[in-house]
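Chain by chain, the residues run as shown.
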4 protein chains.
Amino acid sequence: MSAIKKVVLAYSGGLDTSAIVPWLKENYDCEVVAFVADVGQGAEELEGVEEKAIDSGASECYVVDLKEQMVAEYIYPTLKTGCVYEGTYLLGTSMARPIIAKAQVEIARKVGADALSHGCTGKGNDQVRFESCFAALAPDLKVIAPWREWHLSSRESLLDYLAQRDIPCAASATKIYSRDANAWHISHEGGELEDPWCQPSEQVWTMTQSPEQAPNEAELVTLTIQRGEVVAVNGEALSPYQCLVKLNDIAAVHGVGRVDIVENRLVGMKSRGCYETPGGTVMMAALQAIDELVLDKASRKWKDTFALEFAHLVYDGRWFTPLKDSILGAANAFAEHANGEVVVKLYKGQAIAVQKQSENSLYSEDFATFGEDDVYDQSHAEGFIRLFSLSSRIAALKK
Amino acid sequence: MSAIKKVVLAYSGGLDTSAIVPWLKENYDCEVVAFVADVGQGAEELEGVEEKAIDSGASECYVVDLKEQMVAEYIYPTLKTGCVYEGTYLLGTSMARPIIAKAQVEIARKVGADALSHGCTGKGNDQVRFESCFAALAPDLKVIAPWREWHLSSRESLLDYLAQRDIPCAASATKIYSRDANAWHISHEGGELEDPWCQPSEQVWTMTQSPEQAPNEAELVTLTIQRGEVVAVNGEALSPYQCLVKLNDIAAVHGVGRVDIVENRLVGMKSRGCYETPGGTVMMAALQAIDELVLDKASRKWKDTFALEFAHLVYDGRWFTPLKDSILGAANAFAEHANGEVVVKLYKGQAIAVQKQSENSLYSEDFATFGEDDVYDQSHAEGFIRLFSLSSRIAALKK
Amino acid sequence: MSAIKKVVLAYSGGLDTSAIVPWLKENYDCEVVAFVADVGQGAEELEGVEEKAIDSGASECYVVDLKEQMVAEYIYPTLKTGCVYEGTYLLGTSMARPIIAKAQVEIARKVGADALSHGCTGKGNDQVRFESCFAALAPDLKVIAPWREWHLSSRESLLDYLAQRDIPCAASATKIYSRDANAWHISHEGGELEDPWCQPSEQVWTMTQSPEQAPNEAELVTLTIQRGEVVAVNGEALSPYQCLVKLNDIAAVHGVGRVDIVENRLVGMKSRGCYETPGGTVMMAALQAIDELVLDKASRKWKDTFALEFAHLVYDGRWFTPLKDSILGAANAFAEHANGEVVVKLYKGQAIAVQKQSENSLYSEDFATFGEDDVYDQSHAEGFIRLFSLSSRIAALKK
Amino acid sequence: MSAIKKVVLAYSGGLDTSAIVPWLKENYDCEVVAFVADVGQGAEELEGVEEKAIDSGASECYVVDLKEQMVAEYIYPTLKTGCVYEGTYLLGTSMARPIIAKAQVEIARKVGADALSHGCTGKGNDQVRFESCFAALAPDLKVIAPWREWHLSSRESLLDYLAQRDIPCAASATKIYSRDANAWHISHEGGELEDPWCQPSEQVWTMTQSPEQAPNEAELVTLTIQRGEVVAVNGEALSPYQCLVKLNDIAAVHGVGRVDIVENRLVGMKSRGCYETPGGTVMMAALQAIDELVLDKASRKWKDTFALEFAHLVYDGRWFTPLKDSILGAANAFAEHANGEVVVKLYKGQAIAVQKQSENSLYSEDFATFGEDDVYDQSHAEGFIRLFSLSSRIAALKK
């Protein structure tokens, strides 16, 4: 195996990647460049992250702001497909991985690195997502996954490892939950959640208020949709990321966007996760409402077909593939029609579209009601029914 | 066209079918037998229905209790497919049509009728559902759809028609909403709902309490699932229909099961409908929770595929077709594994599965956590990732 | 119903549409403009067609050459989806209908017509295809379908009808088969074909030589594919229509492209049809061969999914719909990669791709063979297998 | 890793598995039991196989006749789904793997083995198929895959290995093609086939005559189908395996069943394979012909949907999974209707269904032709078309 000279590590400032920096240097005898992706995980997580990286032994630290790009180029396209993983999960962690991987590769090219590294564990999805993106974008770069190599297997051992090297780390020895946050969502695993018969305690949730403690008054929020994208909130035109932030703020108060599921990981096992996606849940409700108005029956069924496919693609980290381009091609054609306004009611954990309109609406009060019109002659129904059921009739007659 | 001697009418006791009885007699010079399907629409609607039918001119009136059979043979099988129409509609009206049509045909055979009639309008789905079932079950019987033939087009004209014939009718001249009820749900159309920009007023809803007025305390309800069917509620073994009734009672108090959508009718236009399905919503949440535990990734994706197909099949009234048998064949194979218990939390309009367990669960705390085990060696992940992403790698290398 | 002043008739010069001209004038008291679409049905059919139209009573006759446009804008896009109806039918009649309907509407706009008419019978697919396109392109124009209105039901009665009006017609009183031809194919129905137990006689086939009489020597033909389109034949760059004509000529000699099927018509019944698509069959073989090289496993499966959907869409005449745009969006993304050359062997009815290459090929002799390489370490397979089969292992262990 | 005491090896008598016997004994210090599956690979391959196994050092050799069971329980069920992998491959190798794996596990249980071994290479599909089946059937047994462990990488090195141990072996040092045979098919890889631009030479093919040398006279063969299974050939009732053997004999003469494709392996790379499936090709043609008669449009589309899913499942070796049960549940429901007779014409490489009939046929000459009948009133078509195209009309009117 060829020697590694310089590796770019996806660095978070947490305990794991803090230990990975010295571990890489010691085990690969290489320079380590830290790369921090700002995907909206919050100022707290990013505070002092460069200093931490250098303290851990990184030669450089690049913090790259990916927030607008992530929402505009990864989340919004995904929303156009209408996809939801296994009926419930809004793919918050999954959607962030490709853009992080891509930016990491760009830093690697910039600094002339010959390897990439990440802090994902060996039982999760993220290792597959990162490395599948690396395979597509930089098949020539070596990938180092310390969690699959080293023998450090607990927080205590990681803290010891750092202490032995005099590397400062504010992390505590105990941490109940494993969390991952970005502008779209936060996920929670571990602790009592490992038993699906155990209801999540209130301390699991960090982004939203509990429905029980949410206001007793409902709140209405208006989303403006253009070409399948949310472009304004309550009448205020905003960038994609700003729309998301604003909706997060509004919806979190009402306890909107919590889900608690057992899901199938790509690596063949099941895991239990709790997710909070407040603004995203509101966006999904609004986009679905516009679809109700503008998609005909066959189109809607087809959208449900490709949404299912896309959900698995995003979950599996297959972003940089021809399949992604193909399904987005299908979704974009429909998104052309998805213009309008939706009022979503937020109340005690729910986000319900209560008013919807679109210039491309196929709904017509005139046609749907029982009066007469030029478009639909009730006598047509008989012919329709006869032909629609003709094969059943023939089969029955032949018996 | 051959003369009709005796027609069996699907009779509800409402204004429309009360007028259809004399209209059929006058226009077809035939005997009219009334058939009333008890699908759980409620005692109020059935009270005195036989007398009303005779008063309207029917020669006989058969009231057939289909409640248990409907839940056991139509609703439960449909639930096993996991289907939801256009993402939201739980198919309450659709699932009732085939069993009503089948029982109506049986009455027709019993009384020696040569025709069938119904009170569905010419712009709706139900005419298609009824007549498609008739085509499959009794292609030899003529079908009469008065709404597609007569020129009575308002409640006033129907009331006049009855008054002229001295047929008593308690119906009022004005009725805002068109509703359809059975044990599973009630639907609402018309009135202000005809404008999708108009939020439904509280008077629309009749089966559930509003979330705002629901109790401030959440309630937990436990469902026992065997082979994909709810067999007990809070530990009490009950028949399918009894389970549904009990869950309706519990969930309605908490405002659970309201949906408000614009949907694609089979006949090519859109309509706006509000639906209340309290108990059904709880059942769906529980069944989905069991699926989370017992279906592997590929199975779950496949179930989502056939669920989509089945949703359209049920909506379209294609029950008595080989396609139905085929999809149920697929669903039943999975249902064999769907055993367990789920605790659903009801609160202010929401039904959320908060505890779930199954003897067939593929979830294992031992395997999912980060410790070591015999089943999963973290080093396996590298090989998996390499092959999983191999085509991406090759494509990238070839560029 | 509003009076018709001017109608544009899709006119073929055959017996049916020759009778429709006077019938429209007499029954609608309107001017009739004949519109003839040249879709490659052959010089013989077009010869003297304008004169015939005028002789029948048309006020004008427009012959529009649609050959290049049909292949480039309707057939080639369809080929990019890889679709085949019910496993066998290459959609020859179906693909021609939308472009004819569109050109007919354009003539109607040009001459200020207020109605459209066609000669399709009331039991076939083509009436649905034409009128669905009319609905999408010209919902304001009335559609007249004489075959669903008149009482002329045999060739004799049509000939009598014309004779009574002194309209010359060279059609014979007996015609065994009903045929439809364009540049892509010819279809045959009727006669002995109405019994699926009856083998087609040799006189059915008109476009291809029988395999038995084809040359005893195979012929190789080379197709050059760019972006999913055939752009050259045997090294000669040609327009889409010219490619098709040349391949028709070459393949017909070898008896390539005959199929004989019972298919499901859109109107609910089955029919038996024989089709000849010589050049198209060669194109399909070549395009499939390129796909073998350039599409990865998941992409190929997805293409098979949307191909199935598109086959039904084209067959059903739903061309001018958002669904068409969406599926073509999916197909076009893949077509970007479909470049290369394929040698197809023609022999006694068969067209088999025997040599294939592509600059975007994912096939690599180096990777596929058993030797060592950098891309694939055989030890990776163990990890892949362990995770690929993990859910089976867990399920088995849990039993 | 726990010590292995006794391993059951899937033994073929070829060079690879002959070397694996001593290699296992030396490297695992264990007893080796040879297991030979008779899946119809031919008497030549089985001749003396027990003696060879013992000569190689196996303590015992079990030869198990799986021929009837393979056709009845693996091939026929697969045929009922109508599946074909990537449009062309009839899954001959894939279908044999699960039954071999299952019988191998049974032998392991019988002899009290604690491990299983096979001779599949580390780049192929078969290792995944075998080991996925092992995972489902015997997760407790260890799996040894010598090709992923040892350093023997050529025929020469294997021959040397055997020679050093005085183990007799008749294998030659050079072998151009890698082949796999069973009753259903034979596959060929390697040699000049590694270049997809290279046409297969005639020496590739071993099971069928070349079309060029096939008889100049076509032959007709009649298949009787019951419940989706071929039960008689030319009127002679035969067992599933006998049907296949007889059809192989008949079709091979006519050069039927050769395919030459580049396919996507499950392990992420492409390979080029040539396959001969003479009898199977005839069976597929006949079963498709029956489907043409008995499946309505929606059913046929659905069958194409699950066929695609099943093709990948079989190819990927996911036989012992709930997904298999589910899709077979769907397929079996349709197979109930698949009765009838089909005459297939064999000529110069082609197998074409030229006559077909079924008691469950939905085709009716009376309904399909242009005359009048009770089932279909041509005036019904107008209503059908209006509603079928209604959403297009509304969309167009709204613009």
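Here the structure is a predicted model, which is why all the values come from computation and not from measurement.

Rules used in this analysis
- Residues numbered from 1 in each chain as written.
- Chains lettered and ligands numbered in written order.
- Predicted model: local features only at pLDDT ≥ 70, side-chain atom pairs only at ≥ 80, totals over all residues.
- Heavy atoms only, no water.
- Least-squares fit on C-alpha atoms with pLDDT ≥ 70 in both.
- Contact = heavy atoms within 4.5 Å.
- Pairing = 2+ DSSP bridges.
- Helix = DSSP H or I, 4+ residues; strand = E, 2+ residues; numbered from the N terminus.
- Axes fitted to C-alpha atoms, helices over the stretch in contact; angles between N-to-C directions.
- Phe/Tyr/Trp six-rings, centres within 6.5 Å; stacked < 30°, edge-to-face > 60°.
- Buried < 20%, exposed > 50% of the residue type's maximum accessible area, 1.4 Å probe, protein only.
- Domains from an automatic or database assignment.
- Buried area = accessible area lost by both parts, 1.4 Å probe.
- Salt bridge = Lys/Arg side-chain N within 4 Å of Asp/Glu carboxyl O.
- Polar contact = N/O pair within 3.5 Å; in protein donor to acceptor, adjacent residues only side chain to side chain.
- Nonpolar A, V, L, I, M, F, W, Y, C, P; charged D, E, K, R; others polar.
- Expected span 1.5 Å × (residues − 1).

Quick look at the relation of the copies chain C and chain D
Least-squares fitting of chain C to chain D yields an RMSD of 0.0 Å, with the transformation described by 0.0 Å of translation along the axis and a rotation of 180 degrees. The superposition operator between the copies reduces to a two-fold rotation axis. Here 100% of the contact residues of chain C are again contact residues in chain D; the copies associate through an equivalent surface.

Some remarks on the sheet that holds strand 14 (residues 350–357) of chain A
All names here are of chain A. Judged by pairing direction, the sheet is antiparallel, and its five strands sit side by side in the order 10-9-8-13-14 without closing on themselves. A strand with exactly one partner marks an edge of an open sheet, and here the two such strands are strand 10 (236–237) and strand 14. The pairing of strand 9 (residues 229–233) with strand 10 spans two bridges and is classified as antiparallel. By the bridge assignment, V233 is partnered in strand 10 with E236. Contacting strand 8 (219–226), strand 9, strand 10 and strand 13 (340–347), helix 9 (residues 240–253) runs over the sheet at an angle of about 65 degrees to strand 9. Docked against the sheet, helix 10 (residues 278–294) engages strand 8, strand 9, strand 13 and strand 14, running at close to 35 degrees with respect to strand 14.

Here's the deal with the relation of the copies chain A and chain B
Related by rotation about an axis and a shift along that axis, the two copies of the chain form a pair. Overlaying chain A on chain B yields an RMSD of 0.0 Å, the required transformation being a rotation through 180 degrees with an accompanying axial translation of 0.0 Å. Mapped onto chain B, 100% of the interface residues of chain A again fall at the interface, so both copies present the same surface.

Focus on the packing of aromatic side chains
Describing an aromatic ring pair means giving the distance of the ring centres and the angle of the ring planes. Throughout the structure, instances matching the rule amount to 54 aromatic pairs over all chains. Aromatic pair Y85 of chain A and Y89 of chain A: ring centres 6.5 Å apart, planes at 85 degrees, arrangement edge-to-face. Between F130 of chain B and F134 of chain B the ring centres are 6.0 Å apart and the planes differ by 40 degrees, which places this aromatic pair in the tilted class. Note that F130 of chain B and F134 of chain B are positioned in helix 6 (residues 126–137) at a spacing of four residues, about one turn of the helix. With respect to burial, F130 of chain B and F134 of chain B carry one shared label: buried. Cluster of aromatic residues (ring-pair linked, three or more members): W302, F306 and F334 of chain A together with W302, F306 and F334 of chain C.

Quick notes on the domain arrangement of chain A
Residues and elements named next belong to chain A. Looking at chain A, the domain boundaries give domain 1 (6–68 + 89–175) and domain 2 (179–295 + 337–357). Across the contact, 18 residues belong to domain 1 and 22 residues belong to domain 2. When the buried area of domain 1 at its contact with domain 2 is split by residue, E68, Y89 and L90 rank highest and sum to 34% of it. Counting every contact that joins domain 1 to domain 2 gives one salt bridge. Between D180 and R97 there is a salt bridge; the shortest N-O distance is 3.1 Å. At the junction of domain 1 with domain 2, the criterion picks out eleven residue pairs in polar contact (both at pLDDT 80 or more). At the level of elements, helix 4 (67–81), helix 5 (92–111) and helix 6 (126–137) are the ones that each hand at least two residues to the side of domain 1 that touches domain 2. At five residues, helix 5 tops the list of elements feeding residues into the side of domain 1 that touches domain 2.

A closer look at the pairing of strand 13 (residues 340–347) of chain C
Residue and element names in this part refer to chain C. Within strand 13, seven of the eight residues are buried, which leaves it mostly tucked inside the rest of the structure. As paired elements, strand 8 (residues 219–226) and strand 13 share seven bridges and run antiparallel to each other. Following the sheet pairing, L223 is matched in strand 13 by V342. Pairing between strand 13 and strand 14 (residues 350–357): seven bridges, direction antiparallel.

What about the side chain of K356 of chain B?
Note that K356 of chain B resides in strand 14 (residues 350–357). Look at K356 of chain B and you get buried, because its relative accessible area is 2%. A distance of 2.6 Å separates the side chain of K356 of chain B from the side chain of E292 of chain B, its partner in a polar contact. Beyond its immediate chain neighbours, meaning those up to four positions away, K356 of chain B contacts P196, W197, D260, I261 and V262 of chain A together with A289, E292, L293, E341 and V342 of chain B.

Section: the sheet that holds strand 10 (residues 236–237) of chain C
Within a beta sheet, neighbouring strands are joined by backbone hydrogen bonds and run either parallel or antiparallel to one another. Residues and elements named next belong to chain C. Strand order in the open sheet formed by five strands is 10-9-8-13-14, with antiparallel pairing between adjacent strands. On the outer flanks of this sheet lie strand 10 and strand 14, each paired with one strand and no other. Contacting strand 8, strand 9 (229–233), strand 13 and strand 14, helix 9 (residues 278–294) crosses the sheet at an angle of about 35 degrees to strand 14.

Let's talk about the side chain of R272 of chain C
Residue and element names in this part refer to chain C. Topologically, R272 is positioned in strand 12 (residues 270–276). From its side chain, R272 meets the backbone oxygen of L193 in a polar contact 2.9 Å long. Reaching out from R272, the side chain makes a polar contact with the backbone oxygen of D195 at a distance of 3.1 Å.

Quick look at the interface of chain C and chain D
Opposite the 94 residues of chain C that make contact, chain D presents 94 residues. In total, chain C and chain D occlude about 8300 Å² of area from one another, counting both sides; carbon and sulfur atoms represent 57% of this. Our enumeration of links across chain C and chain D arrives at six salt bridges. The shortest N-O distance in the salt bridge between K301 of chain D and E309 of chain C comes to 3.0 Å. Taken together, the connections running from chain C to chain D amount to 40 residue pairs in polar contact (both at pLDDT 80 or more). Residues belonging to the side of chain C that touches chain D are distributed by class as follows: 42 nonpolar, 22 polar and 30 charged.

Some points on helix 9 of chain A
Residue and element names in this part refer to chain A. If you check helix 9, its first and last C-alpha atoms are 21 Å apart, about what 14 residues at 1.5 Å a residue would give, namely 20 Å. The set of residues buried in helix 9 consists of P240, Y241, C243, L244, L247, N248, I250, A251 and A252. Taken together, the buried residues of helix 9 touch helix 4, strand 8, strand 9, helix 10 and strand 13. Positive backbone phi, approximately 70 degrees, marks G255, located one or two places after helix 9.

Concerning the pattern of salt bridges
Scanning all chains against the criterion turns up 96 salt bridges over all chains. Salt-bridge contacts for E202 of chain C lead to R258 of chain C; the nearest nitrogen and oxygen are separated by 2.9 Å. Placement of E202 of chain C in the loop between strand 7 (186–190) and strand 8 and of R258 of chain C in strand 11 (residues 258–264) is noted, with a sequence separation of 56 residues between them. Overall, E202 of chain C belongs to the partly exposed group, its relative accessible area being 43%. Across the salt bridge formed by K102 of chain D and E106 of chain D, the nearest N and O atoms sit 3.5 Å from each other. Here E106 of chain D and K102 of chain D lie together in helix 5 (residues 92–111), a separation of four residues that amounts to about one turn. Taking relative accessible area as the criterion, E106 of chain D reaches 45% and is therefore assigned partly exposed. Each of R97, D126, R129 and D180 of chain A takes part in one network of salt bridges that share partners.

Comments concerning the interface of chain A and chain B
Listed as interface residues are 94 residues of chain A and, on the opposing side, 94 residues of chain B. Buried area between chain A and chain B, both sides added, is near 8300 Å², and the carbon and sulfur share of it is 57%. Its largest share of buried area at the contact with chain B, chain A owes to K123, W197 and K297 of chain A, together 10% of the area lost on that side. Summed over the shared surface of chain A and chain B, the number is six salt bridges. Between chain A and chain B we count 39 residue pairs in polar contact (both at pLDDT 80 or more) in total. Broken down by element, the side of chain A that touches chain B gets its largest block of residues, nine residues, from helix 11 (residues 297–315) of chain A. Tallied by class, the residues present in the side of chain A that touches chain B amount to 42 nonpolar, 22 polar and 30 charged.

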